[in-house]
Amino acid sequence: MSWIVRESGFDPERIAHHGNKFMIGNGVLGYRGTLEEFSKSELTATIVAGLYDQVGSKWREPVNAPNGLETNVFWNGTRLSVLEAGNVATGDSAVKSESAGGERDRSRPELVAHEQSLNLRQAVHRRRSVFRTGDGAEVTITSERFCSAARTELIVCRFTVESSQDGELTIVTGINGDVWDINGPHLVRMESGAHAAGDDATWEVVSLTASTQELGLPITVAEAAEVASGGEHEVLREDLSIRRRIHVRCRAGEPVVLVKAVAVVAGLEGETANQVQAAAIQSAREARQLGYDRLLSEHAEYWERKWSASDIIVVGDDEAQLALRYSMYQLHIIAPERSEKVSIPARGLSGQVYKGAVFWDTEMFMLPFFLYTQPEVARNLMMYRVHTLGGAKRKAAEYGYEGAFYAWESQETGEDACTLFNVNDVFTGRPMRTYFRDKQVHISADVAYGIWQVYAFTGDDRLLLDGGAEVAWECAKFFYSYGYFNPRKQRYEILDVTGPDEYHERVNNNAFTNRMVKECLRIALDAMETLKRGNSERYEQLLAGSHIQPEHIRDMYERLYVPEPDAQSGLIEQFDRYYALEDVALPQLKSRMLHPHEYLGGGNGLATTTQILKQADVVLMLHLFKDDYDPAIKKANWAYYEPRTEHGSSLSACIYALVAADTGSPDWGYPYFMRTATIDLTGDAKQYVGDLYIGGTHPAANGGAWMAAVLGFAGLRYDGDKAVLRPALPSAWQAIEFPVRLGGGSYRIRVSREEVVITAHGDNPAGLRFTVGEGELAVAPGQEVRIPV
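Here the structure is a predicted model, which is why all the values come from computation and not from measurement.

A. Focus on the overall build of the protein chain. Secondary structure summary: the protein chain contains 20 helices and 34 strands in total. Over its C-alpha atoms the protein chain spans a radius of gyration of 28 Å, differing by no more than 12% from the 28 Å that the globule rule assigns to 789 residues. On the principal axes, the C-alpha backbone points of the protein chain span a range of 85 × 65 × 60 Å. In the protein chain, buried positions account for 60% of the 789 residues. The contacts of the protein chain with a sequence gap of at least 6 include a subset with a gap of at least 24, amounting to 66%. With the model as given, the accessible surface of the protein chain reaches about 29000 Å², and the carbon-plus-sulfur share is 46%. For the protein chain, the separation between the mean place of its 80 positive charges and that of its 107 negative charges on side chains is 1 Å.

B. Quick look at the nonpolar core. The biggest cluster of nonpolar side chains holds 226 residues, and the ones touching the most others in it are Trp360, Tyr372, Phe673, Trp733 and Phe770. Here this core gets twelve residues from one element, more than from any other, and that element is helix H11 (residues 511–534).

C. Broad picture of the sheet that holds strand S7 (residues 78–80). In space, the five strands of this open sheet follow the order S7-S6-S13-S18-S17, with antiparallel pairing throughout. Of all the strands in the sheet, the pair left with one neighbour each is S7 and strand S17 (232–238). Averaged over all pairs of adjacent strands, the angle between their axes in this sheet comes to 25 degrees, without regard to strand direction. Two strands pair when backbone bridges link them, and strand S6 (residues 71–75) and S7 are joined in this way by three bridges, in the antiparallel orientation. In the sheet register, Val73 faces S7, and the bridge partner there is Leu80.

D. Expanded view of the confidence of the model for the protein chain. Per-residue confidence for the protein chain averages 94 on the pLDDT scale, and 96% of its residues sit at or above 70. Note on residues 91–104: pLDDT is under 50 here. Beyond four places in sequence and across chains, it has 21 contacts.

E. How the structure looks around the side chain of Asn119. Assignment of secondary structure puts Asn119 in strand S9 (residues 110–119). Setting aside anything within four residues of it in sequence, one finds Asn119 in contact with Trp3, Ile4, Val124 and Arg126.

F. Focus on the pairing of strand S4 (residues 46–53). Burial within S4 is extensive, with eight of its eight residues counted as buried. Two strands pair when backbone bridges link them, and strand S3 (residues 29–31) and S4 are joined in this way by three bridges, in the antiparallel orientation. Paired with Leu29 across the two strands is Val48, which belongs to S4. In the sheet, S4 pairs with strand S5 (residues 61–64) via three bridges, with the strands oriented antiparallel. Residue pairing across strands places Tyr52 opposite Pro62, the latter belonging to S5.

G. Geometry of the packing of helix H5 (residues 361–373) against helix H9 (residues 442–458). One can describe the packing of H5 onto H9 by two numbers: an axis separation of 11 Å at closest approach and a directional angle of 10 degrees. Classified by the angle between their axes, H5 and H9 sit roughly parallel to one another. On H9, the residues touching Glu363, Met364, Leu367, Leu371 and Tyr372 of H5 are Asp446, Val447, Tyr449, Gly450, Gln453, Val454 and Phe457. A per-class count over the contact of H5 with H9 returns eight nonpolar, two polar and two charged.

H. Representation of the environment of Ala284 in the model. Mapped onto the secondary structure, Ala284 falls in helix H2 (residues 273–290). Sequence spacing of Ala284 and Val221 is 63 residues, and the spatial spacing of their C-alpha atoms is 9.2 Å. Contacts of Ala284, omitting those with residues within four sequence positions, involve Val205, Ala222, Glu223, Ala224, Ala261 and Ala263.

I. Summary view of empty space enclosed by the protein. Enumeration over the complete set of coordinates arrives at four cavities of 30 Å³ or more. Considering the residues around the largest cavity, the lining is formed by 20 residues, among which Ala49, Gly50, Tyr52, Pro345 and Gly356 are closest to the centre. The biggest single contributor to the lining of the largest cavity is S4, with six residues. Of the residues belonging to the lining of the largest cavity, the class tally is eleven nonpolar, seven polar and two charged.

J. Molecular detail of unusual backbone geometry. Here the residue pair Gly184 and Pro185 is connected by a cis peptide bond, since its omega of 5 degrees sits within 30 degrees of zero. Within the fold, Pro185 resides in the loop between strand S13 (167–176) and strand S14 (187–195). One non-glycine residue with positive phi stands out, namely Arg189, at about 55 degrees. Along the polypeptide, Arg189 turns up in strand S14. The exposure class assigned to Arg189 is exposed, which follows from its relative accessible area of 57%. In this structure, Arg506 takes a positive phi of about 55 degrees despite not being glycine. Looking at the element boundaries, Arg506 is found in the loop between strand S24 (491–493) and H11. Taking relative accessible area as the criterion, Arg506 reaches 42% and is therefore assigned partly exposed.

Rules of the game
Residues numbered from 1 in each chain as written. Predicted model: local features only at pLDDT ≥ 70, side-chain atom pairs only at ≥ 80, totals over all residues. Heavy atoms only, no water. Helix = DSSP H or I, 4+ residues; strand = E, 2+ residues; numbered from the N terminus. Rg over C-alpha atoms; globule rule 2.2 N^0.38 Å. Buried < 20%, exposed > 50% of the residue type's maximum accessible area, 1.4 Å probe, protein only. Contact = heavy atoms within 4.5 Å. Areas by Shrake-Rupley, 256 points an atom, 1.4 Å probe, with all protein chains shown as cover. Lys, Arg positive; Asp, Glu negative; His and termini not counted. Charge placed at Lys NZ, Arg CZ, Asp CG, Glu CD. Core = buried A, V, L, I, M, F, W, Y, C linked by side-chain atoms within 4.5 Å. Pairing = 2+ DSSP bridges. Axes fitted to C-alpha atoms, helices over the stretch in contact; angles between N-to-C directions. pLDDT = per-residue confidence, 0-100. Parallel < 35°, antiparallel > 145°, perpendicular 65-115°, else oblique. Nonpolar A, V, L, I, M, F, W, Y, C, P; charged D, E, K, R; others polar. 1 Å grid on protein atoms, 1.4 Å probe; cavity = no way out; pocket = protein on both sides within 12 Å on 5 of 7 lines; lining within 4 Å. Points joined across faces, edges and corners; volume = space filled by probe spheres on them.

Shown next, in the form of structure tokens:
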């Protein structure tokens, strides 16, 4: 049960939520957890990582590919769909109960049972729907599908229909190019094709090829479909679709099985439309020849390796166990394992929300999971920032600064997709000026921080030599040109910024931002020294012709102001004059709202003149730089800022869980951990900012759940030299066990209330030092060490 996510019954109000909850993916494709009979009205989507398009002056966003899984079933001429059937389980008033004396509408089938599930271990989505038809037949539709982890252009589906009576079965299946778009339509010049093998008139493969509007990039969806029991096949063509109509004489108790292999290929690397089409057709054809069982087997083998490197076992808390596995599943299905040209968008591959853009979420909340489990993916994520340096430099120049100002909403080139008017006022409908794009300068520091984390964890300087050092240096140059030197106080300050707490824009000396800038400056100096040793020619090139030299960066590093804890209270002021704002309780502020979706930030938001903040800000700084502050400081700031935090972002709760565990109060942190880990299971998250729909999955929260469990409750830290374990298990947990990669080696760690067990893989290249509690020990390759707690 701890591997299966399941929902019984059909509720049309939960369609959008289930589309997120039951997603499948493989890092290249993401397919929403909708049902086969659904269309754009139900937000069906096939998102291709790294493929974007802009229509006119609308927001630029990911492309939703044509839907190759669309399938409709007709039993004796009547369509069987959860959208049209009477729902017995929920008491649909359109279906009268015969036992109550009424007559049932026999022209309309009943949905007598429905279940949707997700097997996390194998990354397979399943559905089962049972219909009772007007002629008394009970027809069961089952399906299972997966985005192949072995062949990442493929989505594979097995669709089965079985009836209790003989009857005429018609299946209409194919590719639908009339897709859901938020700011589309993105695909034009659609051309359908039917491709037979030799003289085979059954049209082995059908395809739909189109181009994006902005860049003219080709995309082809090709489908190979086969019904084992044969039947009559007919191809149906419309302007935006190509489908097959398959007629089968269905025998009672004999299942009719349809297998579909759908290849989605986009011309991201400069391929022509003919090349893309040929590749998709060939992939679909090969998949048909291999068969469903072979494709599923190789896919499942990939997932076994993923789980072997990452699965967490929680003893004593089944709900947390499932939520953690689900969180890791969501990260795995969007991880760029094969490319360093794409990263992970803020809503993963669940749709076009947030323009499919990459935010700081990746470095701060997702990167740790991959650092500890799949460092090669962590490297890909940061190489994406190297490849998009050009866009960051152009943005800095646009605002009159030097160096690299990374995009708040980054797409494939690094250009900033964030607009100046990102939210509409719910009362007037007018766009509101926001300062996400131009004042959230901490993004450049976050990028440098992520690059250094990968280098420190792996000890491999190739990331720095391959462009990472240059990125850090250009970010430092940006901050040197952005910063202000206060001659009266003889210090550098960072003015006019927006920190993580977006409800307070254009503030001065935001503690988190200043501390991150200081870290960026240090990283730049250290990275440049590494570059100087490894590639002195490139080092000299970066310094040539610039008035900003290492001594300038060093001076700013040494004299940059970072707000310090108050000597009496231990509190750190979030930004200059934060304490002068109205100190109102959160429930009182919420009582002032006139609309449930009104935005609390911006120029006139209710929170802007108060101390209410959107998400962890100072507390996030205390997590990232935990060694800089003693436990009393962390506790004081946790206690002060938490009641003032609305947790209006899914990024927030996990940070409060982490700092609570770090200060020895895991039961304080546990509710925040559960809130984070279950966010996509429950759907309990903001769906609107103003009138802007922001629904979708929450990979930053998924990463935050892993961090809270492993870095928080298990208390693991690694600095590239030694590992530290300071466990703080919540009272509901008896133990936690997990694998990690540290220093090029593999380890399995089990933390219980009695002992810590560390097992080193026999193939590890060297031993590693661990600090557990107050003791330190070395763990050699192949050794198992037990330390009493």
